[in-house]
Structure formats: structure tokens, C-alpha cells
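Breakdown of the fold
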Amino acid sequence: MIDCRRPENVDELLETLDSGKFRIFAGGTDLMVRKRQWQGAERRFEEDIVFIEQIDELKGITEDKEHYHIKTCTTHSSMEKSLVLPECIRLPYRLMGNPAIRNVATVGGNIVNAAQVADSLPLLYAMDGKILLKSKNGSRILPMDEFIKGKYRTEIRGNEFLYEVIIPKLNIRGFRYKKVGSRKASILSKFSVVFLYGMDGVNLEYIRVAIGAVNETPVRNRDAEEKFVENRDVGEFLTAIRKDLHGSDDKRSTRLYREEASLRIVAEYLNELLRGDSYE
Ligand SMILES: Cc1cc2nc3c(=O)[nH]c(=O)nc-3n(C[C@H](O)[C@H](O)[C@H](O)COP(=O)(O)OP(=O)(O)OC[C@H]3O[C@@H](n4cnc5c(N)ncnc54)[C@H](O)[C@@H]3O)c2cc1C
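Criteria and cut-off values
- For every chain, the first residue of the written sequence is number 1, and numbering continues from 1 onward in sequence order.
- Local features in this predicted model are restricted to residues whose pLDDT is 70 or higher, and side-chain atom pairs enter the listing and the counts only when it is 80 or higher, whereas totals over whole chains, interfaces and linings include all residues.
- The side-chain quantities take in all heavy atoms of the structure and omit both hydrogens and water.
- We call a residue near a molecule or strand when any one of its heavy atoms sits within 4 Å of it.
- Throughout this description, a polar contact denotes any pair of N or O atoms lying within 3.5 Å of each other; where both atoms belong to protein, one of them has to be capable of donating a hydrogen while the other can accept it, and for residues adjacent in sequence the pair is counted only when both atoms sit in side chains.
- Working definition of accessibility: Shrake-Rupley area with a 1.4 Å probe, residue cover restricted to the visible protein chains.
- In this analysis the probe radius is 1.4 Å and the grid spacing 1 Å, with only protein atoms considered; a cavity is a set of points the probe fits into but cannot get out of, a pocket is an open set with protein on both sides within 12 Å along at least five of seven lines, and lining residues have an atom within 4 Å of a point.
- A molecule is said to be in a cavity or pocket once over half of its atoms fall within 2 Å of that pocket's grid points.
- Grid points are joined across faces, edges and corners, and a volume is the space filled by probe spheres set on the points.
- Counting from the N terminus, the helices are DSSP H or I runs at least four residues long and the strands are E runs at least two residues long.
- Residue ranges for the domains trace back to a domain assignment, done automatically or taken from a database.
- Amino acids are sorted into nonpolar (Ala, Val, Leu, Ile, Met, Phe, Trp, Tyr, Cys and Pro), charged (Asp, Glu, Lys and Arg) and polar (every other residue, Gly among them).
- Only the contacting stretch of a helix is used when fitting its axis, a line to C-alpha atoms as for every element, and angles between N-to-C directions run 0 to 180 degrees.
- Working definition: roughly parallel below 35 degrees, roughly antiparallel above 145 degrees, roughly perpendicular at 65 to 115 degrees, and oblique for all remaining angles.
- By convention, the crossing between two helices is left-handed when the near helix turns anticlockwise from the far helix through less than a right angle, and right-handed when the turn is clockwise.
- Any two residues having at least one pair of non-hydrogen atoms within 4.5 Å are treated as being in contact.
- Strands qualify as paired when DSSP identifies two bridges or more between them.
- The disulfide criterion used throughout: a pair of cysteine sulfur atoms within 2.5 Å.
- Here is the rule: rings of Phe, Tyr and Trp (six-membered ring for Trp) pair when centre to centre is within 6.5 Å. Planes less than 30 degrees apart are stacked, more than 60 are edge-to-face, and the remainder are tilted.
- Three labels apply to residues, based on accessible area from a 1.4 Å probe with only protein chains included: buried if under 20% of the type maximum, exposed if over 50%, partly exposed otherwise in between.
- We call a charge positioned above a ring when the Lys NZ or Arg CZ atom is no farther than 6 Å from the ring centre and deviates by at most 35 degrees from the ring normal.
- Residues belong to one nonpolar core when they are buried, are Ala, Val, Leu, Ile, Met, Phe, Trp, Tyr or Cys, and are joined through side-chain atoms within 4.5 Å.

What about the site of the ligand?
Near the ligand lie 31 residues; those nearest to it are Ile 24, Gly 27, Thr 29, Asp 30 and Thr 106. Thr 72 is positioned such that a nitrogen or oxygen atom in its side chain is 3.0 Å from a nitrogen atom of the ligand. One of the side-chain N or O atoms of Asp 119 is found 2.7 Å from a nitrogen atom in the ligand. Relative to its unbound accessible area of 980 Å², the ligand is 89% covered by the protein chains. Put simply, the ligand lies in the largest pocket.

Right under this line is the structure:
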């Protein structure tokens with residue numbers, strides 16, 4: 001028999017996580033798929049479970065002068081409809097799953113599950129997102145790219161849970177987002193591209209480019225971004241990114257398709273920027 005707990009608040013959750021080995025269950029949209037045995041059969045959970053979706057303290061989006069704070073159990077629906085967040089953050093959540101999934105799937109679940117195809121990760125890499133982890137021993141904040149170690153692998157420790165995501169506010173002049181899959185809704189990304197840029201007066205201040213679902217973890221090259229701001233050399237930027245792409249063939253598509261198509265989209269966005277095309 002497995003033990004199922006339903007703590008009422010964060011203190012009770014911390015006690016529970018410290019008292020044994022528990023699997024956190026948020027929206028359950030990844031877990032219910034991963035625990036499936038065969039079509040129609042009951043899900044098989046071997047470990048004890050702690051449900052967290054009922055904890056009100058773990059929901060909501062707030063902002064201060066420099067950051068957005070997104071609590072772990074905030075759903076994708078709340079993200080896409082948020083009046084606090086800018087469109088560049090809302091859009092990737094709007095394109096995930098389908099309305100029923102988005103109503104229960106959580107921001108934290110997408111991150112901690114750390115799937116290669118997790119659509120929030122490229123956005124959070126591009127925005128320099130951080131996560132706040134809590135345990136009975138205290139709290140720690142990690143940059144997203146230090147937390148994600150690989151496909152389904154993170155830095156999370158036994159008695160820790162993800163409390164909130166912290167996204168720095170950026171002076172964003174324009175953004176582009178492309179998610180490519182076999183159809184529009186309820187589909188795994190073949191790849192995705194997040195592109196952001198900022199201006200300082202008439203000068204390009206920064207660009208951010210993150211490519212998701214090609215490598216095990218999103219690809220972002222800060223050196224190449226800085227170089228591009230100096231020399232505006234699209235070819236040099238693409239050469240640097242190409243070296244970082246190490247995809248493999250799988251049921252979603254071939255490595256070659258993903259790498260070439262994602263680079264083509266990055267090139268399109270950079271050329272649009274250099275031409276001064278308008279961004280929505
Ligand atoms: C039909 C369908 C379509 C989907 N479409 C997409 C899509 O387009 N893009 C996409 O990226 N994903 C998609 N998903 C995957 C899934 O919906 C998301 O990854 C979702 O965000 C997971 O959140 P959850 O709350 O359901 O996580 P859960 O399933 O509850 O948990 C996932 C993992 O995270 C851990 N976890 C959850 N919360 C915490 C926490 N606070 N602290 C520590 N560990 C935690 C759990 O223990 C588990 O290991 C889809 C899933 C389905 C079933």
C-alpha cells in the first residue's frame with residue numbers, strides 16, 4: 001500500500017518531504033503518462049505520494065520592481081491569461097497541450113519533469129530564469145541552466161521541492177517564438193525557438209536566443225549573443241550555435257531536420273532584426 005498525503009500548507013509539506021521518500025504530485029499530467037502501464041490499465045505508483053495542488057500558498061503570479069515571481073502550482077492557463085506577465089512569457093504557455101491540460105498542468109511540473117520537449121525551458125533559459133527550492137534545511141536559488149542537468153535529470157534533492165520561479169524583468173523591444181510540431185495542439189515539440197532583443201536608444205543592447213527540444217536541454221550561447229551585438233554577423237552567430245546542437249533522430253523527427261530548421265528560423269529572426277522589420 002502506498003501512502004498518500006495532502007498537506008494543507010507549505011510547513012506541512014516540508015515536514016512530509018522530510019519524513020520519507022515522497023513523489024510530489026502537482027497537476028499529474030506528466031506523472032499519469034509516465035506511470036501508465038498499458039492502455040486502460042490503472043497507473044502504477046510504487047512510491048508514496050504527496051499532492052500539492054491544493055496548497056493555496058503555492059499558486060499565483062506577483063511582481064516586484066525587478067522580477068516576476070511565479071509560484072510552482074500556477075497553471076499554464078493562469079500563465080497564458082496573466083495580466084502581470086508580458087506576452088513573451090504568456091505565449092509559450094498558451095501553445096502547450098490543450099485547454100484541459102493547461103487548466104491542471106503546472107509551471108513547476110514542467111520544469112522539474114525536465115523533459116527534452118518541455119516548452120517552458122527555452123523561454124526560462126532565454127530570460128535567465130531562476131528557481132527557488134525549499135526544504136526543512138532552508139532555501140536555495142539556482143539559475144535554470146544549473147538546475148536542469150539533462151533529460152529528466154535535475155539538481156533537486158530528496159526533501160526539496162520547487163517553490164517558485166523567478167524571472168528577471170527585461171527591457172524587451174521585440175520577441176519571436178516558434179514551436180514546431182506535427183500539428184498545433186497537444187503535440188510534442190520537434191523543436192522551438194525563443195528570440196528576444198532589447199535596444200538602448202537606437203543601439204542594439206542584447207539578443208537572447210534559446211533553442212528547445214533539439215539537445216537534451218535547451219541551447220543558449222551567451223558569448224555568441226554578445227558577439228552578435230558587436231558585429232551583427234548572422235553567419236558567425238549561426239556557426240557558433242550549430243556547434244552547440246547535438247540532437248539525435250527520434251520519433252519526433254530527424255536530427256538533421258531539427259538542427260537545420262531551427263537554425264533557419266534563428267537566421268530569419270536575426271535578419272528581420274537587422275532589416276528593422278516591425279515586431280508585434
Ligand atoms: C496531452 C498532453 C499534452 C501536453 N502538451 C505539452 C506541451 O505542449 N508542452 C509541454 O512542455 N508539455 C506538455 N505536456 C506535459 C505536461 O502537461 C507539462 O510538463 C506540465 O507542466 C507538467 O506539470 P504537472 O503539474 O502536471 O506535473 P506532474 O505530472 O504533477 O509532475 C511532473 C514531475 O514534476 C515533479 N514535480 C511537480 N511539481 C513539483 C514541485 N513543486 N517540486 C518538485 N517536484 C515537482 C513531480 O514529482 C514529477 O516528477 C503535455 C501533457 C499531456 C498529457
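Things to note about empty space enclosed by the protein
Taken as a whole and judged by the stated rule, the model has 1 cavity of 30 Å³ or more. There is about 40 Å³ of room inside the largest cavity. As for the largest cavity, its lining consists of Cys 88, Pro 92, Leu 123, Phe 175, Arg 176, Tyr 177, Val 194, Phe 195 and Leu 196. Elements that contribute at least two residues to the lining of the largest cavity include exactly α4 (87-94), β11 (174-180) and β12 (191-200). Shared between two domains, the lining of the largest cavity takes at least three residues from each, and those domains are domain 1 (4-168) and domain 2 (174-275).

Thoughts on the layout of surface pockets
If you add up the space inside the largest pocket, you get close to 1400 Å³. Forming the walls of the largest pocket are 49 residues, and the residues nearest its centre are Asp 30, Leu 31, Gly 109, Asn 110 and Asn 113. When residues of the lining of the largest pocket are traced back to their parent elements, those giving at least two are β2 (22-25), α2 (31-34), α6 (107-113), β9 (153-154) and β10 (161-168). In terms of residues, the lining of the largest pocket owes the most to one element, α6, which gives 5 residues. Looking at the lining of the largest pocket residue by residue, the classes come out as 20 nonpolar, 18 polar and 11 charged. Counting only domains with at least three residues in the lining of the largest pocket, you end up with domain 1 (4-168) and domain 2 (174-275).

Some details on the packing of helix α10 (residues 234-244) against helix α11 (residues 255-275)
At a minimum axis separation of 10 Å, α10 and α11 run at an interaxial angle of 150 degrees. Overall, the two elements α10 and α11 adopt an arrangement that is roughly antiparallel. Here the hand of the crossing between α10 and α11 comes out right-handed. Here Val 234, Phe 237, Leu 238, Ile 241 and Arg 242 of α10 come into contact with α11, specifically with Glu 260, Leu 263, Val 266, Ala 267, Leu 270, Asn 271 and Leu 274.

Overview of the pairing of strand β7 (residues 138-143)
Two elements, strand β6 (residues 130-135) and β7, share 6 bridges in a ladder whose sense is antiparallel. The residue of β7 that forms the bridge with Lys 134 is Ser 139. Between the antiparallel neighbours β6 and β7 lie 2 residues.

Let's talk about the state of the cysteines
Under the criterion given, the structure shown has 0 disulfides. The structure places no disulfide on Cys 73, whose sulfur is separated from the nearest cysteine sulfur, that of Cys 4, by 16 Å.

Some words on the packing of aromatic side chains
Each pair of aromatic rings is reported with the distance of its centres and the angle of its planes. For the coordinates displayed, the defined rule picks out 6 aromatic pairs. Residues Phe 195 and Tyr 269 carry aromatic rings whose centres are separated by 5.8 Å and whose planes lie at 35 degrees to one another, so their mutual orientation is tilted. Taken together, the residues Phe 195 in strand β12 and Tyr 269 in helix α11 connect sequence positions 74 residues apart. Taken as a pair, Phe 195 and Tyr 269 share a single burial class, namely buried. Over the aromatic face of Phe 51 sits the side chain of Arg 6, whose NZ or CZ is 4.5 Å from the ring centroid. Stacked on the ring of Tyr 163, the Lys or Arg Lys 134 has its end atom at 4.0 Å from the ring centre.

Some remarks on the side chain of Ser 120
Examined against the element boundaries, Ser 120 turns out to sit in helix α7 (residues 120-126). Here Asn 110 takes part through its side chain, which lies 2.6 Å from a polar atom of the side chain of Ser 120. If we skip the residues at most four places from it in the chain, Ser 120 touches Tyr 93, Met 96, Asn 110 and Ile 111.

Some details on the nonpolar core
Counting residues in hydrophobic clusters, the biggest one holds 38 residues, and the most contacted among them are Ile 89, Ile 111, Ile 131 and Val 165. Element by element, the count of residues in this core is highest for α7, at 5 residues. A domain-level breakdown of this core finds at least three residues from each of domain 1 (4-168) and domain 2 (174-275). When near neighbours in sequence (up to four residues on either side) are disregarded, Val 165 contacts Tyr 68, His 69, Ile 70, Val 107, Ile 111, Leu 124, Lys 130, Ile 131 and Met 144.

Points about the sheet that holds β6
On the basis of which strands lie adjacent, the open sheet formed by 5 strands has the order β4-β5-β10-β6-β7 and antiparallel pairing. For this open sheet the edge positions go to β4 (61-63) and β7, each flanked by a neighbour on one side alone. Geometrically, the sheet is characterised by an average inter-axis angle of 25 degrees between neighbouring strands, direction not taken into account. One ladder, built from 5 bridges, connects β6 with β10; its direction is antiparallel. Bridge pairing links Lys 130 to Ile 166 in β10. This element, helix α1 (residues 10-19), spans β6 and β10 of the sheet and lies at about 125 degrees to β10.

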